[in-house]
Amino acid sequence: MLAATLTAALGFSPGVTRLPNGFAGTALSQHALTPVASRSAASSGLESVLAPLLEQQQQQQQRRALRAPSAAMVATGGMGGGLFTQSNPEDRRVVPDEPGDRQIFKVVYVVLESQYQSSLSTACKRINAGQEKVAVECSGYILEELRDPANFEQFKKDVADANIFIGSLIFVQELADKVVEAVEPYRETMDAVCVFPSMPAVMRLNKIGSFTMASMGQSKNVMLDFMKKNKPSGTSFQDGMLKLVRTLPKVLKFLPGDKAKDARSFMMSLQYWLGGSPENIEALLLNLASTYVFESDLLTGEVVEPPTVIPDQGIWHPVAPRVFETNEEYIQWLRNEHAPTIGVDPNKAPVIGVVLQKSHINTKDDAHYVALIMEIEANGGLVLPIYTGSLDFSKPIEDYFFLNGRSVVDTTINLTGFALVGGPATQDHPKAIATLKKLNRPYLCAVPATFQTFEEWKDSELGLHPVQVALQVALPELDGAIEPIIFAGRDGVTGRSIPQSDRIETLAKRAIKWSNLSAKKNADKKVAITVFSFPPDKGNVGTAAYLNVFGSIFEALKTMKAEGYDLGAELPTDVEGLVDAVLHDKEASMASPTLNVAYSMSVAEYKELTPYAEDLEENWGPPPGQLNTDGQNLLVYGVRFGNVFIGVQPSFGYEGDPMRLLYAKSASPHHGFAAYYTYIEKVLEADAVLHFGTHGSLEFMPGKQGGMSG
């Protein structure tokens, strides 16, 4: 995120690499060393210091570009009119209630994610309530809202009348173009344009006094000495640039005041922005207004406070007395103080590592984080929640999830919703994979509905639109992430994250189950193996194109037995025996009476254990229905060997139209189908389900395609 900010501050023009779905990551291309203004000796010196790093980053970006699909191959469909969100920017417009004769300055902002929205609104209201001589009007936009033509026209009108423009994380090419189109004509007439990490064309809009993207080349010796001493090291471009950004504010105070005043203002604005709280954002706006909007100091009260920030990375728990910077200190607090308070035995509780986004902590938009941490603890687990201000989340994992060379977590959940290294900008999957292999624990990447409101996600048939699927599902999966469960949504008015209680409960239980599974002995683990029948009623139970299903299952069973799984005393000695145990007839169909019945479930038990049973009656009438039943009970076909169950998945229930369930929005599985999975979950209490054959069942269920509910 911060790479582009620094390159702009140093007078370089960042290059860009296109990524899937129109996203772009900040890089320095072969044109990156062309300054916006004339070069100074300082910038030439910086070029030599950064050259190896820039060359490496350019090569990485070129390799990624070769793998990226063309724009024509990327689906961009979404809600009505191709829109991904229909939230209304007018809902977050702030105007002073009683401006009186106060001087008013106008602010317009556009951000990728909504966590800053609440801080900006609160900051403006604080100014209007606390300042006697000035007041502020504020218009705010979430980047995706600019797809709406009406919103974009209003955005252009607001920009034309603004004193200050603020932008951040504008990484969508087509929307970055819109921002440039709206802001560039008024850049010179506005008092301040403050753009934080975004695409190069947007970064070039920066203007704070005399500060432009070339203005850092004003002090030759000081900057050269500083850069040589703080030359970035390591493999990550973002990490190296972040180190420089952290250190620059300490050096700027030594530059001549008449040369670096505006540069200091930019860097101070960045620090306030990274601080993120309403107090920091208030100070950011007041600093810009007092320095660049008004000719005289009209501010009421004390001198604006310097930025208040938490450490760039650390361990944050909502009830801890402070942010911890070492895991030894945190673990001591967790075991000796917190665990006894919540009634959890630290010697027996699983430890869930949670990866957080620093901006949500800074802006106090952390309700979804708090809700999940509390839910995990309510289920008997302990949490090690880490964060970082960079986009490389592998570093805090390396720093905090290991103690004396051993992992201290049993499961990891990434709550950022993005790839482990690079986030929404550029990704380094090999680095992420190396870190996760070293950790060797289940890795879940949960999904906040970043680009749409909770109501839009809830009502959507897609669930997640194509940009979200690419950034928040596909790219994390390349790292090795599993289970992209929605756990929070954006409020359309306030922009704050809304925790989804049922999804958070599911996510917490999944993390606990994964943790317990790693501690469970193989002999105690229960496994359900499901075979598929398609087309139905054609003697195809347990068949699949070019796959020897029962032969594969038999080999798996032999390996499991060797690994210590309990398969009972009656495991068949060959594949033929296994087929006979399940089917009793090699040509068996789903309607065949020869299928072995593993379990008979009464209607009363079915209703008690299946919470959605009543919902299925609309299509199938009252249970037990006509399928997978003997007329009184629901039948689960299959056979059990010790703790391993081999079951035959029921048909989808539409004779002559087996694909109806896939396409009919009102269709649903029948009672026998539901009873099969109820048996696996509630009666067998399986720890894992393995599908052998052509299909699982998920792709045939009605409902959302990704980011599912229920």
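Residues numbered from 1 in each chain as written. Predicted model: local features only at pLDDT ≥ 70, side-chain atom pairs only at ≥ 80, totals over all residues. Heavy atoms only, no water.

Visitor: Even after reading the chapter, I still don't get the overall build of the protein chain, so can you show me in this structure?
Guide: Of regular secondary structure, the protein chain possesses 24 helices and 22 strands. Counting across all 710 residues of the protein chain, residues that qualify as buried make up 56%. Nonlocal contacts in the protein chain, meaning residues at least 24 apart in sequence, comprise 75% of its contacts between residues at least 6 apart. When the accessible surface of the protein chain is totalled, it reaches about 29700 Å², and 50% of it is carbon and sulfur. (Helix = DSSP H or I, 4+ residues; strand = E, 2+ residues; numbered from the N terminus. Buried < 20%, exposed > 50% of the residue type's maximum accessible area, 1.4 Å probe, protein only. Contact = heavy atoms within 4.5 Å. Areas by Shrake-Rupley, 256 points an atom, 1.4 Å probe, with all protein chains shown as cover.)

Visitor: Before we go on, may I ask you to explain empty space enclosed by the protein in this structure?
Guide: Left-over empty space is what a probe sized like a water molecule reveals as it rolls over the atoms. In the structure shown here, the tally under the stated rule is 6 cavities of 30 Å³ or more. By volume, the second largest cavity is sized at about 100 Å³. Residue lining of the second largest cavity: 13 residues in total, with Ser 114, His 360, Pro 448, Thr 450 and Ser 497 positioned closest to the centre. Secondary structure elements with two or more residues in the lining of the second largest cavity: strand E15 (447-453) and strand E16 (486-490). (1 Å grid on protein atoms, 1.4 Å probe; cavity = no way out; pocket = protein on both sides within 12 Å on 5 of 7 lines; lining within 4 Å. Points joined across faces, edges and corners; volume = space filled by probe spheres on them.)

Visitor: What am I meant to see in the nonpolar core here?
Guide: Across soluble globular proteins, nonpolar side chains have a tendency to be buried as a group. In terms of nonpolar packing, the biggest core is built from 38 residues, with Phe 105, Val 107, Ile 164, Ile 166, Trp 273 and Ile 281 touching the most fellow members. Elements supplying a minimum of two residues to this core: strand E3 (103-111), helix H3 (115-130), strand E4 (134-142), strand E5 (164-168), strand E6 (192-195), helix H9 (257-275) and helix H10 (278-293). Element by element, the count of residues in this core is highest for H10, at 9 residues. Residues Val 108, Ala 182, Phe 418 and Leu 471 belong to the second largest nonpolar core, which totals 33 residues. (Core = buried A, V, L, I, M, F, W, Y, C linked by side-chain atoms within 4.5 Å.)

Visitor: Please explain the sheet that holds strand E19 (residues 597-602) as it appears in this structure.
Guide: Across a sheet, paired strands are connected by hydrogen bonds in the backbone, their directions being either parallel or antiparallel. Reading across the sheet, the 5 strands line up as E19-E20-E21-E18-E22 and stay open at both edges, with mixed pairing between neighbours. In the strand order of this sheet, the two ends are held by E19 and strand E22 (688-692), each with one partner. Averaged over neighbouring strand pairs, the angle between their axes works out to 30 degrees when direction is ignored. Bridge count for strand E18 (residues 527-531) against E22 is 5 bridges, and the pairing is parallel. Along E22, the bridge assignment pairs Val 531 with Phe 692. Across the face of the sheet, helix H19 (residues 549-562) comes into contact with E18, strand E21 (644-648) and E22 while running at roughly 170 degrees to E18. (Pairing = 2+ DSSP bridges. Axes fitted to C-alpha atoms, helices over the stretch in contact; angles between N-to-C directions.)

Visitor: Could you clarify how one ought to interpret the sheet that holds strand E10 (residues 382-388) in this entry?
Guide: Here we have 5 strands laid out as an open sheet, ordered E8-E10-E9-E13-E14, and mixed in their pairing. Edge positions in the open sheet fall to strand E8 (313-315) and strand E14 (443-445), since each of these has one partner strand only. Ignoring which end each strand starts from, the neighbouring axes of this sheet average 20 degrees apart. In terms of strand pairing, strand E13 (residues 411-414) meets E14 through 3 bridges, oriented parallel.

Visitor: Got a minute to help me understand a negative patch on the surface in this structure?
Guide: On the surface, Glu 614, Asp 615, Glu 617 and Glu 618 cluster together into a patch of negative charge. Examined against the element boundaries, Glu 617 turns out to sit in helix H22 (residues 617-620). (Patch = residues over 30% accessible without salt bridge, like charges linked within 9 Å, V, L, I, M, F, W, Y side chains within 5 Å. Salt bridge = Lys/Arg side-chain N within 4 Å of Asp/Glu carboxyl O. Lys, Arg positive; Asp, Glu negative; His and termini not counted. Charge placed at Lys NZ, Arg CZ, Asp CG, Glu CD.)

Visitor: Sorry if this is basic, but what is going on with helix H15 (residues 429-439) here?
Guide: Residues lying three or four places apart along an α-helix face the same way, a consequence of the helix completing one turn every 3.6 residues. Along H15, the residues classified as buried are His 429, Ala 432, Thr 435, Leu 436 and Leu 439. Seen end-on, H15 carries its buried residues on one side only, within an arc spanning 130 degrees. Facing away from the buried side of H15, by more than 90 degrees, are the exposed residues Pro 430, Lys 437 and Lys 438. Buried residues in H15 make contact with helix H14 (394-400), strand E11 (402-403), strand E12 (406-407), E13, E14 and helix H17 (466-479). Where H15 begins, the capping side chain belongs to Asp 428, and its oxygen is found 3.2 Å from the backbone nitrogen of Lys 431. Following H15 by one or two positions, Asn 440 has its phi on the positive side, about 55 degrees. (Arc of directions from axis to C-beta. Polar contact = N/O pair within 3.5 Å; in protein donor to acceptor, adjacent residues only side chain to side chain.)

Visitor: Explain the packing of helix H13 (residues 367-378) against helix H18 (residues 501-519) here, please?
Guide: For any two helices packed against each other, one specifies the crossing angle of their axes together with the interaxial distance. Relative orientation of the contacting elements H13 and H18 amounts to 50 degrees, with a least axis distance of 9 Å. Considered as vectors, H13 and H18 are oriented oblique to each other. The two elements H13 and H18 cross, and the hand of that crossing is right-handed. Counting all contacts with H13, which are made through His 368, Ala 371, Leu 372, Glu 375 and Ile 376, the residues of H18 involved are Ile 504, Glu 505, Leu 507, Ala 508 and Ile 512. The residue makeup of the contact of H13 with H18, split by class, is 7 nonpolar, 1 polar and 2 charged. (Parallel < 35°, antiparallel > 145°, perpendicular 65-115°, else oblique. Left-handed = near helix turned anticlockwise from the far one by under 90°. Nonpolar A, V, L, I, M, F, W, Y, C, P; charged D, E, K, R; others polar.)

Visitor: Could you clarify how one ought to interpret the pattern of salt bridges in this entry?
Guide: Side chains bearing opposite charge may pair, as long as their charged atoms lie close to each other. Inspection of the entire model under this criterion finds 20 salt bridges. Residue Lys 156 is joined to Glu 153 by a salt bridge in which the shortest nitrogen-to-oxygen separation is 3.1 Å. Of this pair, Lys 156 and Glu 153 are both found in helix H4 (residues 149-160), 3 residues apart, which corresponds to roughly one turn of the helix. Residue class for Lys 156 comes out partly exposed when judged on its relative accessible area of 24%. Using a relative accessible area of 40% as the deciding quantity, one classes Glu 153 as partly exposed. The partner of Arg 187 in a salt bridge is Glu 188, and the shortest N-O contact between them spans 2.5 Å. Here Arg 187 falls in the buried class, since its relative accessible area comes to 14%.

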